[in-house]
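Letter by letter, the chains look like this.
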Amino acid sequence: MKYRLLFLFLLTLVGNSTLFAQSDNQLITSKRWNAFWIKVPGEPADGYEICLFRKTWSLSNKPANYLVHVSGDNRYKLYVNGQLISVGPARGDLYYWNYETVDLAPYLIAGKNVISAIVFNEGALRPASQMSYRTGFILQGNTPAEEEINTGTNWKCYRDSAYHPLPVELIYSYYVAGPGELVDMKRHPQQWQQPGFDDTKWQQASKISTGWPKGLFTFDDGWMLVPSPIPACDLVMQRLKAMRKAGGVGLPSTFPTKKSLVTITTHTKATILLDQTYLTNAYPTIVFSKGKDAGISMAYAEGLYIIEPNNTNWRAQGKKGNRNEIEGKRFVGRKDSVISDGSTGQQFTPLNWRTYRYIQLIVETKDEPLIIDDLYGMATGYPFKYNAKLETDNTELSKILEIGWHTARLCAWETYMDCPYYEQLQYIGDTRIQALVSYYNSGDDRLARNAITLLDHSRIAEGITQSRYPTAIPQQIPTFSLWWIGMLHDYYMYRNDSGFVRDKLQGVQDVLAFFNRYQQPDGSLKKAPYWEFTDWANGKDWNAGTAPIGKEGNSAVLDMQLLWAYQLAAELESKLGSKEYTLKYGQLASQLKQTIRNKYWVTERGEFADRPEKDVFSQHANALAILTGVADGNETAVLGHKLLADTSMVQASIYFKYYVHQALIKSGMGNDYINWLNIWRENIKMGMTTWAEMSDISASRSDCHAWGSSPNIELYRTVLGIESDASGFEKVKIEPHLGTITNIGGQIPHPKGNISVKYEQKNNKWLMDITLPEGTPGRLIWKGKAYVLKAGKNNLVL
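Now for a description of the structure that goes with this document. (Residues numbered from 1 in each chain as written. Predicted model: local features only at pLDDT ≥ 70, side-chain atom pairs only at ≥ 80, totals over all residues. Heavy atoms only, no water.)

1. Quick notes on the overall build of the protein
Counting its secondary structure elements, the protein contains 15 helices and 36 strands. Against the 2.2 N^0.38 benchmark of 28 Å for 798 residues, the protein shows a C-alpha radius of gyration of 28 Å, consistent with a compact globule. Dimensions along the principal axes, computed over C-alpha positions, put the protein at roughly 80 × 65 × 60 Å. Counting all 798 residues of the protein, 62% fall into the buried class. Of the contacts formed within the protein by residues at least 6 apart in sequence, a portion of 75% connects residues at least 24 apart. Computed over 85 positive and 80 negative side-chain charges, the separation of the two mean positions in the protein equals 2 Å. (Helix = DSSP H or I, 4+ residues; strand = E, 2+ residues; numbered from the N terminus. Rg over C-alpha atoms; globule rule 2.2 N^0.38 Å. Buried < 20%, exposed > 50% of the residue type's maximum accessible area, 1.4 Å probe, protein only. Contact = heavy atoms within 4.5 Å. Lys, Arg positive; Asp, Glu negative; His and termini not counted. Charge placed at Lys NZ, Arg CZ, Asp CG, Glu CD.)

2. A word on the environment of T101
Mapped onto the fold, T101 is located in strand β6 (residues 97-103). On a C-alpha basis, the gap between T101 and S71 in space is 9.2 Å, while along the polypeptide they are 30 residues apart. One polar contact links T101 to H69, side chain to side chain, over a distance of 2.8 Å. (Polar contact = N/O pair within 3.5 Å; in protein donor to acceptor, adjacent residues only side chain to side chain.)

3. Quick look at the packing of aromatic side chains
Scanning all chains against the criterion turns up 44 aromatic pairs. For the ring pair Y175 and Y422, a centre distance of 6.5 Å and an interplane angle of 75 degrees mean the geometry is edge-to-face. In this pair, Y175 sits in the loop between β10 (163-166) and β11 (180-184) while Y422 sits in the loop between α3 (395-410) and α4 (428-441), placing the two residues 247 residues apart along the sequence. With respect to class, Y175 is no different from Y422; both count as buried. Their ring planes at 75 degrees and their centres at 5.4 Å tell us that W531 and F533 sit as a pair that is edge-to-face. Aromatic rings pair up to connect W483, W564, Y655, F656, Y658, Y659 and W707 into one cluster. A cation sits over an aromatic face here: K504 above F500, 3.8 Å from the ring centre. Sitting above the plane of the F617 ring, R605 keeps its charged end 3.7 Å from the centroid. (Phe/Tyr/Trp six-rings, centres within 6.5 Å; stacked < 30°, edge-to-face > 60°. Lys NZ or Arg CZ within 6 Å of the ring centre and 35° of its normal.)

4. What to know about helix α5 (residues 446-457)
Relative to the 16 Å expected for twelve residues at 1.5 Å per residue, α5 spans 16 Å between its end C-alpha atoms, a close match to the ideal helical length. Taken together, the buried positions of α5 are L447, A448, N450, A451, I452, L454, L455 and D456. Structurally, α5 contributes buried residues whose contacts are with α4, α6 (478-494), α7 (498-503) and α8 (505-516). (Expected span 1.5 Å × (residues − 1).)

5. Observations concerning the side chain of N98
When you line up the elements, N98 lands in strand β6. On the accessibility criterion, N98 (7% relative accessible area) is buried. When residues no more than four places from it in sequence are discounted, the contact partners of N98 are S71, P89, A90, R91, G92, V226, P227, S228 and P229.

6. Notes on the sheet that holds strand β26 (residues 389-391)
The five strands are arranged β26-β31-β32-β33-β36 in an open sheet whose pairing can be described as antiparallel. On the outer flanks of this sheet lie β26 and β36 (792-797), each paired with one strand and no other. The mean inter-strand angle of the sheet, taken between neighbouring strand axes irrespective of direction, is 10 degrees. (Pairing = 2+ DSSP bridges. Axes fitted to C-alpha atoms, helices over the stretch in contact; angles between N-to-C directions.)

7. Re the packing of α8 against helix α9 (residues 556-576)
The geometry of α8 relative to α9 is characterised by a closest axis approach of 11 Å and an angle of 145 degrees between their N-to-C directions. α9 is crossed by α8, and the crossing has left-handed handedness. Contacts between α8 and α9 involve L505, V508, Q509, L512, F515 and N516 on the former and, on the latter, L562, A565, Y566, A569, L572, E573 and L576. (Left-handed = near helix turned anticlockwise from the far one by under 90°.)

8. So, the pairing of strand β31 (residues 743-750)
Within β31, seven of the eight residues are buried, which leaves it mostly tucked inside the rest of the structure. Two strands pair when backbone bridges link them, and β26 and β31 are joined in this way by three bridges, in the antiparallel orientation. Opposite L390, over in β31, you have G746 as the bridge partner. Pairing geometry for β31 and strand β32 (residues 753-762), over eight bridges, is antiparallel. Bridge pairing in β32 links I748 to I755. Hairpin geometry of β31 and β32 is characterised by an intervening segment of two residues between the two adjacent antiparallel strands.

9. Considerations on the environment of E735
Mapped onto the fold, E735 is located in the loop between β30 (732-734) and β31. Leave out the neighbours within four places in its chain, and E735 touches T718, G721 and I781.

10. Here's the deal with the sheet that holds β30
A sheet is described by the order of its strands in space; here four strands give the open sequence β29-β30-β34-β35, paired in mixed fashion. Looking at the sheet topology across the chains shown, the edges are occupied by β29 (722-724) and β35 (785-789). Direction aside, the axes of adjacent strands within the sheet are offset by 25 degrees on average. In terms of strand pairing, strand β34 (residues 778-782) meets β35 through five bridges, oriented antiparallel. Directly across from L780, in β35, lies its bridge partner Y787.

11. Concerning the packing of α3 against helix α15 (residues 711-719)
As a packed pair, α3 and α15 sit with axes 9 Å apart at the nearest point and diverge in direction by 130 degrees. Taken together, the axes of α3 and α15 lie oblique to each other. Facing α3, whose interface residues are L397, I400, L401, G404 and W405, α15 presents P711, N712, L715 and Y716. In terms of residue class, the contact of α3 with α15 is made up of seven nonpolar, two polar and no charged. (Parallel < 35°, antiparallel > 145°, perpendicular 65-115°, else oblique. Nonpolar A, V, L, I, M, F, W, Y, C, P; charged D, E, K, R; others polar.)

12. Concerning the nonpolar core
W483, I485, L512, F608, Y655, I734 and Y759 are the most contacted members of the largest nonpolar core, which has 142 residues in total. The element that contributes the greatest number of residues to this core is α9, accounting for 14 residues. Apart from residues lying up to four places away in sequence, W483 is in contact with I428, G429, R432, Q561, W564, L624, Y655, F656 and Y659. (Core = buried A, V, L, I, M, F, W, Y, C linked by side-chain atoms within 4.5 Å.)

Structure follows, in structure tokens:
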């Protein structure tokens with residue numbers, strides 16, 4: 001019990017990002033480390049392996065600070081005197097392998113101390129987002145005073161054979177987020193992190209190689225070390241909210257919302273369905289006693305699946321229905337299993353966090369009862385803070401914002417993620433929208449900068465980025481490389497960081513050079529290779545998310561997306577790069593714009609077709625025509641209305657509605673924005689607490705995709721009208737689209753402070769209070785007329 005409470009307290013401490021310290025020792029990044037990467041002797045380099053490391057040392061006095069730099073492969077958890085203080089490293093690649101800087105001083109005492117780490121490599125079953133060289137661990141003191149605990153042969157080590165991987169079997173086949181765990185507590189060294197643990201029978205660690213900061217010459221293979229660019233992730237205590245069903249056991253009324261003892265009698269199988277009531281990413285922890293040889297399993301699901309009695313193929317039974325409902329449904333999910341050793345105060349927490357709304361707990365006892373002492377989770381994620389406000393009496397809008405922010409939080413850890421349950425991969429299409437949510441809702445741009453940089457590092461020899469990164473499984477979606485250019489331009493508009501953007505222009509040039517090789521003399525792309533994904537739309541000749549392609553290999557959607565990339569790149573080059581590239585991209589854009597009009601415009605429909613055969617039409621092509629200026633003048637407004645009125649167009653999913661809505665706003669329809677949110681309303685009606693991946697909510701594979709969180713941008717950018725009006729957000733444009741709203745306000749974070757607005761209609765006049773940060777001028781656009789705004793408070797009656 002004492003140990004469990006201490007564990008809870010310490011995990012909460014890890015959630016404080018201030019624990020990741022800053023080092024002013026330039027030698028750490030400029031010279032070879034004196035510490036060595038270490039391993040357990042005789043163990044495989046890249047197989048499934050759980051390694052424990054320990055070192056004991058003495059201090060004459062408790063130090064004021066004690067900085068160390070630490071990393072591992074695949075991952076580590078670091079303890080001092082039994083206290084968990086660091087989890088990492090933040091995911092990257094071998095050319096940029098992150099280490100964390102941690103101050104151990106708060107956990108040290110005068111006298112004997114012990115530092116320990118669990119390092120785990122999930123081998124061939126590791127998450128696709130986890131890159132790896134081999135199992136290893138390294139810790140380097142910041143100065144000679146701390147180098148007494150540098151990793152080397154003076155550390156003890158042990159291969160924990162209690163762990164075995166459990167393959168994951170799900171309804172949907174594409175799952176790449178790592179295995180479950182089977183842990184036999186009889187083989188696990190209990191309380192191995194504690195100072196009093198006897199490690200005399202443990203081996204001495206073996207050296208692998210010296211630690212090398214990136215950029216230094218070395219004959220050693222392996223990791224190029226760089227300081228982590230992001231803060232420590234949160235870890236926050238989170239109790240389960242409800243017990244939905246139980247069999248084979250009697251439960252106290254307080255379980256699981258409060259710590260409660262639950263006894264499963266001998267030779268019993270108990271099944272308990274628990275409900276967090278909302279989706280979460282957390283480290284589930286079960287504390288239990290007695291019950292020697294009893295088996296415990298915890299399985300995790302976003303929602304339960306509807307039982308279809310007439311369908312004998314269980315993998316084809318993929319509908320979830322309303323996520324709040326459990327009757328007539330079955331549980332399918334990732335699972336962890338534990339075998340009890342019969343002792344008191346055993347504890348299991350999986351090595352990696354799990355995503356769940358529901359946990360199915362199954363206990364099968366043998367000759368001794370098993371007691372569940374407690375069951376809870378420790379929620380984790382990137383430490384975003386919600387710094388925006390929407391002041392409205394419209395509870396529906398508040399609910400949409402709440403769910404959108406929760407979705408964005410669950411899709412942000414050490415990188416942005418498409419979804420936390422199935423893939424945990426940083427796809428560019430998702431990440432662009434997620435970064436904008438971060439700018440508008442939090443103001444914290446560190447994860448976005450990290451994403452732009454990682455994706456730049458992912459570029460292959462042909463020039464394009466990978467579709468997602470970091471990843472151990474390469475994948476190319478060239479259209480996502482074009483969205484990466486858009487993402488860089490977004491950063492350019494919202495952050496005054498020209499050096500960062502200029503550094504990425506070579507990547508922009510390489511991406512566009514790739515596409516230029518597949519442009520025909522008229523500028524149109526022909527038979528561009530790889531997976532040219534656009535959207536998970538359903539329509540004629542939409543193939544695996546790729547928009548229809550003509551017989552000669554042409555596509556309006558691809559041409560328009562390339563056009564937009566040329567336009568944005570030309571702007572970046574004109575401000576930060578070269579005149580030659582500005583001219584080149586401008587000319588290519590001008591030619592392609594005319595070609596698109598000639599090749600895809602259908603006069604009798606007043607719409608752009610998806611391919612030269614002019615037989616299929618989509619919201620995607622016509623929205624991009626508006627956004628790129630291919631449609632202009634009065635044509636823009638007419639085409640905008642057709643985007644909604646012509647239901648024969650292939651409809652965009654929740655993801656691509658971000659671009660469709662931008663086009664509608666550009667066409668002058670922004671006052672109707674709130675009317676376009678039906679897919680989000682449908683999610684709420686289906687009991688969703690995050691936004692589903694697909695438009696078919698019942699059959700959606702993933703219940704959590706932040707590419708659907710675009711209302712968290714547009715309720716501020718469109719409805720409140722707050723937008724950057726110059727690079728670096730140095731100027732502000734306020735152009736509200738209020739529709740029938742008569743009273744609303746809010747604020748968003750800005751690099752120089754906050755932007756706040758308040759709009760209220762009284763006596764046929766609008767009272768508008770607008771506050772801009774110091775040194776940041778702006779303009780208000782209202783009913784086609786512009787008004788000058790000064791930095792500070794502006795009060796207008798219109």
